Amino acid sequence: MDEIEEKLEEAMPWVGLYIATASAACTLAMATDVFNGFGSKRLWFPSKYFSLNAITLTLLAVAMKLPLDLNTNIYTSNADLAAKHMSILFMSAAMANFMSYLGYMSDKEILANMVALGILVITVSANVLTQLFLLQDEFLYGHISVNMLVTTISMQYMLVKLVSIATMVPTIKRRLEAKYQEQHKLVLMEEDVLNINLRREMMKYWVMAETSNPQFVMARSLHCTTSICFLSAIRTVLPVFYKYPSMGDKLKSSYKASIMLILVIQAIGVAIGTIAPTLRWFSAVSFNCSAVMNWKSFKTALKVESHWTQILLDNRESFSFLQIRKGQCRKCLHNAKWFALTFCIRLQIFTLQLGKLFAVYSVLLTSPFLLCFILIKKFVNRPSAKVEESVVDMNLNLNRYILQLEGEAVLPNRVLNKMCQEANNMIQSGRKKQPQGLVHLLGKFVNFEGVAQFDSDQIPSFHSQEPPNCWILPVVTLTSIAIALPNIPKHRVKQLLNSVSEGITLVKLVDKTLGKNAQLINIRKAADICWVGVELYKKWLDINLSKTSLNCTNSNKVLRELSNKAEGIIMKFKNEEKDPIMENPLNWPSKVVAANSMYRITRTILLSIEEENELTDEWLFERLRVMIADILAACLTNLPRVITTMCHRNAIEKREKSVRKAFVLLGETEQVVELVQQKEWPHMDHDKAAYIDEWRALLLQNDEDDDNDPATSTSTPSNETETNLMCREEHLAITVVS
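Residues numbered from 1 in each chain as written. Predicted model: local features only at pLDDT ≥ 70, side-chain atom pairs only at ≥ 80, totals over all residues. Heavy atoms only, no water.

Draft legend 1. Just the nonpolar core, in detail. Residues Leu442, Phe448, Leu478, Trp540, Ile605 and Phe663 are the most contacted members of the largest nonpolar core, which totals 121 residues. For this core, the element with the most residues is helix H25 (residues 617-636), which contributes twelve residues. Setting aside anything within four residues of it in sequence, one finds Phe663 in contact with Met202, Met203, Trp206, Ala423, Met426 and Ile427. (Core = buried A, V, L, I, M, F, W, Y, C linked by side-chain atoms within 4.5 Å. Buried < 20%, exposed > 50% of the residue type's maximum accessible area, 1.4 Å probe, protein only. Helix = DSSP H or I, 4+ residues; strand = E, 2+ residues; numbered from the N terminus. Contact = heavy atoms within 4.5 Å.)

Draft legend 2. Inspection of the packing of aromatic side chains at higher detail. Tallied over the full model, the rule gives twelve aromatic pairs. Between Tyr101 and Tyr104, the ring centres sit 5.6 Å apart and the planes meet at 40°, which makes this aromatic pair tilted. Its relative accessible area of 29% is what places Tyr104 among the partly exposed residues. Consider the rings of Trp206 and Phe663, whose centres lie 6.0 Å apart with planes at 80°: the pair is edge-to-face. (Phe/Tyr/Trp six-rings, centres within 6.5 Å; stacked < 30°, edge-to-face > 60°.)

Draft legend 3. Inspection of a positive patch on the surface at higher detail. A cluster of basic residues, Lys48, Lys512, Lys516, Arg649, Lys654, Lys657 and Lys661, forms a positive patch at the surface. Here the positive patch gets three residues from one element, more than from any other, and that element is helix H27 (residues 652-668). Among the structural elements, Lys512 can be located in helix H20 (residues 490-514). (Patch = residues over 30% accessible without salt bridge, like charges linked within 9 Å, V, L, I, M, F, W, Y side chains within 5 Å. Areas by Shrake-Rupley, 256 points an atom, 1.4 Å probe, with all protein chains shown as cover. Salt bridge = Lys/Arg side-chain N within 4 Å of Asp/Glu carboxyl O. Lys, Arg positive; Asp, Glu negative; His and termini not counted. Charge placed at Lys NZ, Arg CZ, Asp CG, Glu CD.)

Draft legend 4. Quick look at the packing of helix H19 (residues 472-484) against helix H24 (residues 590-608). Running from N to C, H19 and H24 cross one another at 60°; their axes reach a closest spacing of 10 Å. Our classification of the angle between H19 and H24 gives oblique. Like other packed secondary-structure pairs, H19 and H24 cross with a definite hand, here right-handed. Across from Leu473, Pro474, Thr477, Leu478, Ser480 and Ile481 in H19, the residues of H24 making contact are Val593, Ala594, Ser597, Met598, Ile601, Thr602 and Ile605. Of the residues contributing to the contact of H19 with H24, the split by class is nine nonpolar, four polar and no charged. (Axes fitted to C-alpha atoms, helices over the stretch in contact; angles between N-to-C directions. Parallel < 35°, antiparallel > 145°, perpendicular 65-115°, else oblique. Left-handed = near helix turned anticlockwise from the far one by under 90°. Nonpolar A, V, L, I, M, F, W, Y, C, P; charged D, E, K, R; others polar.)

Draft legend 5. Structural view of the environment of Val207. Locating Val207 in the fold gives a position in helix H7 (residues 198-211). Residues Val207 and Arg400, 193 residues apart in the sequence, show an inter-C-alpha distance of 9.4 Å. Once residues lying within four places of it in the same chain are set aside, the contact partners of Val207 are Leu398, Tyr401, Ile402, Leu416 and Met419.

Structure representation (structure tokens):
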């Protein structure tokens, strides 16, 4: 038996290393959030990496191995005792960092993860308290038992506070969403449809999204800040190092040297874990300083807003989940539930009022220093012209778009100025990433004729019904043909590939945001698969385009070879596939969809060049570039609508992130939007403009109308007509930047 115990003891240092690794992972996640907060100058530190989820809870459960271990010899090993104490502090610091992330979670995620966290904290607390009371006579240092008791109680209070906030989150989300939708309707009513200033409208959505961000709402609430954790950590960490400076204690521990590694890593975690909660508290104090000073009585200060107890009140009165049929039992269960939830409501009110009481005193104590700091900062750093321009020159009263809950203090003007400055910075960041290759390619764009010309109705179909087109598939097919053409310099082919790659990135964004047609899923999948081969390996399906370019002496042979290969793929599929479901082109394999596109486009080009007497490879390459540019330009006319849609079509938890992406996209596509807006757009419904087949149908119809109109056909030469078309004023003026 002793030999077995000795062998198990030998493995304990490895267990300690495992605990240290889990603690280091949590510490690194907390440090990353702190770093991002400072980097983005958002001193309310939104949680992103250290989140309340299954992975983090598992890591914390591993890190809590020492407090959960009742066999640790804390009365003989001071290092074990210090590490156990530090683990409890580490857990408290972790819980403090979870608070703002609750606003990012869905209702089901909050319930599941809070239950898991509660089980972990209660288990840790029960084990620690059991060991403290059973071994209280064995402790070498009595003050440590007191500190561990206080720390454990503080950790339990942190859990109560987290639960208190978690019960409020669903209610504030619903109320903020309702306010957002009301304000969104007002913004739509105020829009000038004929002259939309895109940046002006986005700024409204930015203010609404930022101020309704649940994480920001919780961070600016004094009750939701975690100064208590910070104060308790400072009071309890220092005595640990005062009383246990000796490193020789590690030899008495079963974990050997790894016990000191655990202690050091978790101490660093406690220090880092207190940065974000403390600075959130300072930010909340700065937001609420003037409001607290204006409170006339403690009754006003301790008022409990309805959103804190709304969900508990609703559940207390609810009767729906009790499915027992016997009336007496139903009555007893309802009464039991009523008394239980009444107790929870009173506990919620007590917890809230206690937190508000502490908040009031903390503001009163710190407000003189804070006001002095703000005045000094205003004197040293006067508002820049850019910030003033972002608020004043836009002729907007952005304060109207700030969304707040009942009882919240009015946000200072400096917060609004920072939001405007941050929006400008995001636009500038996007401008640094403008797709210059795509801009160069769109310089070839004349009008949108290429959308109608890449496929001809004169080409016979292999099936009674043709599969629909998406934006990417013809672009990929035309690019593949251009790469396969002989006698084209490599640098021009590479330039075309880079330009198309930048364009396809934006086209995918258009499809993702506006293209909701489920019938195009398989077509887009085929285009994506085909594009991967073309971009990375210069292969269309299994055909090496570079070898095709070398083997064929002229463009005509290239087109015929690609057409024959595509035809072979289609015929093989038709002869071998007997499944009736494949009669529908929407169910065709990706390879067959791509082959059908290649066949029709190559045949269309061959048909169109029959009348050309002096066909050169260079001429055809340029023609393909123009067709690609026309298709991309037609798709990218949807970009302004994509940007505005990104500002408001998301869940409340993700809306702020989406608006950020929209601002970056605004700066990134500035030149692209200007280029495509230089030409006249076909008059079509916004929803139809997101699909290439709708563009083709409209352009072909317009061509037929022009051919049937004798006045149009005889009044001016075709070149003059094309020039006049390019010089017309836009039917929809969209200003990107004011």
